[in-house]
Amino acid sequence: MTWPAVRLARGRESSAVRRHPWIFSGAVNRVEGDPDLGETVLVQAADGRFLAYGAYSPSSQIRIRVWSFEEDRPPDADFLRRRIAKAAARRRPLLQGPDAAARLVHGESDGLPGLIADRFGSLVVVQLLSAGAERHRELIVAAFAELDGVRTIYERSDTEARSKEGLEARTGLLWGEEPAEEIILEECGRRFSVDCRAGHKTGFYLDQRANRTVLEDLVRTVGDGPEVLDAFCYSGGFSVAAAVGGAGRLTQLDASEAALTLARRHVEATEWAGQLEQIHGNAFGELRRLRSEGRLLDMVVLDPPKFAESKARVERASRGYKDINLLAFQLLRPGGHLLTFSCSGRVGVELFGKIVASAAADARRDAQVLAQLGPGRDHPVSLAFPEGAYLKGLLCRVD
Ligand code: SAH
């Protein structure tokens, strides 16, 4: 088999040598032939040396996403099947019990650029976000269908990342039985229902599992039924953790009515007997309103959506993070806790720490960091791909 070759410009091979999976358009010198969207190409250094096999994406800034850095391992059916099986095997310890859920494939960090897959019991929800993943969709679906216990494979490739790759949004059943209207998910004893058709992303934010446990433990150890605000609550992942931990009063805040309906159901399904309040609206305005009303809380969770969609947006995003964190600090009682997150890949750990610090300073509060937080082990970050570290968080205590 021969592949179209892409020759890099002189001196532009260093990132591929470091096994970084993205090759930007500016690094490309010459393209042999006219490779199709997602077609496998051979990546060569300026002197013709083999560097990698990757998927070609003619209109994307990320011109090539690397499948393999090994010359004897081109991305054929066997290659993809083995990579997917290996990624799934790594998650096996997390998937005990019929309703257990975990991310099975985390894109570039699992050596599968643009491929995301979350498993909820017998259901696998996939996102094919890159031209290369799209091109190999049949092989990918077949590889998931081979995994033990999988009965349904459902596609949720309806994200903005697809359009950058020149791909249309696609959703629907890919293999097996139609998924149930709602799937029950069990996460460290907390139960949620997931709608893979209409829910956000793949239906549930699995990446926050360990951090929900952090909140649950904190609520339990602090005791006395603390008053907790779950801002950007979506389906109430953190609220359920707070309820199970023994919160006294819970406030859920989200801009989506559908999310709030689900968030209420999830809390009500626990044995919790506390008082639940819901606020439907824009967090920026609603947090300000709570402050002006003089509301005080023991714990605030801030888990906003990605504010920095691109490099150009980092500054504006930083102002957004600063704003909500400042308001959160102002809403906390002395001795209160803040659990604050950013899922913007472009806002690094260091920058996020600075933003939160300046929010505390502007609120004239002294605060300590008790823990640095990130996603669970089913969302690994390849050492060669720091961009994969999108979710970062801080657990802070204020004086
Ligand atoms: N904490 C959730 C995930 C949050 S996802 C969990 O553990 O599952 C981000 C949420 O923020 C979404 O539900 C979205 O509806 C909501 N959102 C986005 N922009 C918002 C805004 N300006 N004000 C309030 N909610 C917003």
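In the block above lies the structure referred to throughout.
Computed from a predicted model, the values in this text were never measured in an experiment.

A. Geometry of the site of the ligand. Near the ligand lie 15 residues; those nearest to it are Arg212, Asp254, Asn282, Ala283 and Asp303. One of the backbone nitrogen or oxygen atoms of alanine 255 is found 3.1 Å away from a nitrogen atom of the ligand. At a separation of 3.0 Å, a nitrogen atom of the ligand approaches a polar side-chain atom of asparagine 282. Expressed as a share of its isolated accessible area of 580 Å², the protein-covered part of the ligand is 88%. Looking at the shell around the ligand residue by residue, the classes come out as eight nonpolar, four polar and three charged.

B. Structural context of the sheet that holds strand 8 (residues 115-120). The sheet built from five strands is open, its strands ordered 7-8-9-10-11 with mixed pairing. Pairing within the sheet leaves two strands with one partner each, and these edge strands are strand 7 (101-106) and strand 11 (170-176). The average angle at which neighbouring strand axes cross in this sheet is 20°, direction not considered. Examined bridge by bridge, strand 10 (residues 152-157) and strand 11 share six bridges and lie antiparallel to one another. Its bridge partner being in strand 11, serine 157 is matched across the sheet by arginine 170.

C. Structural detail: the nonpolar core. Ranked by internal contacts, the top residues of the largest apolar core, which has 34 residues, are Leu229, Leu287, Val300, Leu302, Phe329 and Leu338. Among the secondary structure elements, those contributing two or more residues to this core are strand 14 (227-231), helix 9 (283-292), strand 17 (297-302), helix 10 (314-331), strand 18 (332-342), helix 11 (349-362) and strand 20 (392-398). With nine residues, the single largest contributor to this core is helix 10. Beyond its immediate stretch of four places on either side in the chain, leucine 338 contacts Val300, Leu302, Asn325, Ala328, Phe329, Leu332, Leu394, Leu395 and Cys396.

D. A look at the packing of aromatic side chains. The full count for this structure, using the stated rule, is ten aromatic pairs. Following the ring pairs from residue to residue traces out a cluster consisting of Phe284, Phe307, Tyr321 and Phe352. The cationic tip of arginine 212 hangs over the ring face of phenylalanine 192; the distance from NZ or CZ to the ring centre is 6.0 Å.

E. A look at helix 8 (residues 257-268). Taking 1.5 Å of rise per residue, twelve residues should cover 16 Å, and helix 8 covers 17 Å from first to last C-alpha, within 8% of that figure. Those residues of helix 8 that sit buried are Ala259, Leu260, Ala263, His266 and Val267. Considered in projection along helix 8, the buried side chains sweep an arc of 125° and stay on one side of the axis. Summarising the geometry of helix 8, the exposed residues directed more than 90 degrees from the buried face are Glu257, Ala258 and Glu268. Packing partners of the buried residues in helix 8 comprise strand 13 (190-194), helix 7 (237-245), strand 15 (249-254) and strand 16 (275-280). Sitting at the amino-terminal end of helix 8 is serine 256, which places a side-chain oxygen 3.4 Å from the backbone nitrogen of alanine 258.

F. Fine view of the pairing of strand 18. Most of strand 18 is tucked away: eight of the eleven residues are buried. Where strand 17 meets strand 18, five bridges bridge the pair, whose relative direction is parallel. Counterpart to valine 300 in the pairing with strand 18 is leucine 338. In terms of handedness, the path from strand 17 via helix 10 over to strand 18 forms a crossover that is right-handed. Pairing analysis gives six bridges linking strand 18 to strand 20, with the strands arranged antiparallel. Within the sheet, the bridge partner assigned to phenylalanine 341 lies in strand 20 and is glycine 393.

Rules used throughout
Residues numbered from 1 in each chain as written. Predicted model: local features only at pLDDT ≥ 70, side-chain atom pairs only at ≥ 80, totals over all residues. Heavy atoms only, no water. Near = heavy atom within 4 Å. Polar contact = N/O pair within 3.5 Å; in protein donor to acceptor, adjacent residues only side chain to side chain. Areas by Shrake-Rupley, 256 points an atom, 1.4 Å probe, with all protein chains shown as cover. Nonpolar A, V, L, I, M, F, W, Y, C, P; charged D, E, K, R; others polar. Pairing = 2+ DSSP bridges. Helix = DSSP H or I, 4+ residues; strand = E, 2+ residues; numbered from the N terminus. Axes fitted to C-alpha atoms, helices over the stretch in contact; angles between N-to-C directions. Core = buried A, V, L, I, M, F, W, Y, C linked by side-chain atoms within 4.5 Å. Buried < 20%, exposed > 50% of the residue type's maximum accessible area, 1.4 Å probe, protein only. Contact = heavy atoms within 4.5 Å. Phe/Tyr/Trp six-rings, centres within 6.5 Å; stacked < 30°, edge-to-face > 60°. Lys NZ or Arg CZ within 6 Å of the ring centre and 35° of its normal. Expected span 1.5 Å × (residues − 1). Arc of directions from axis to C-beta. Right-handed = clockwise from strand over helix to strand, strands pointing away.

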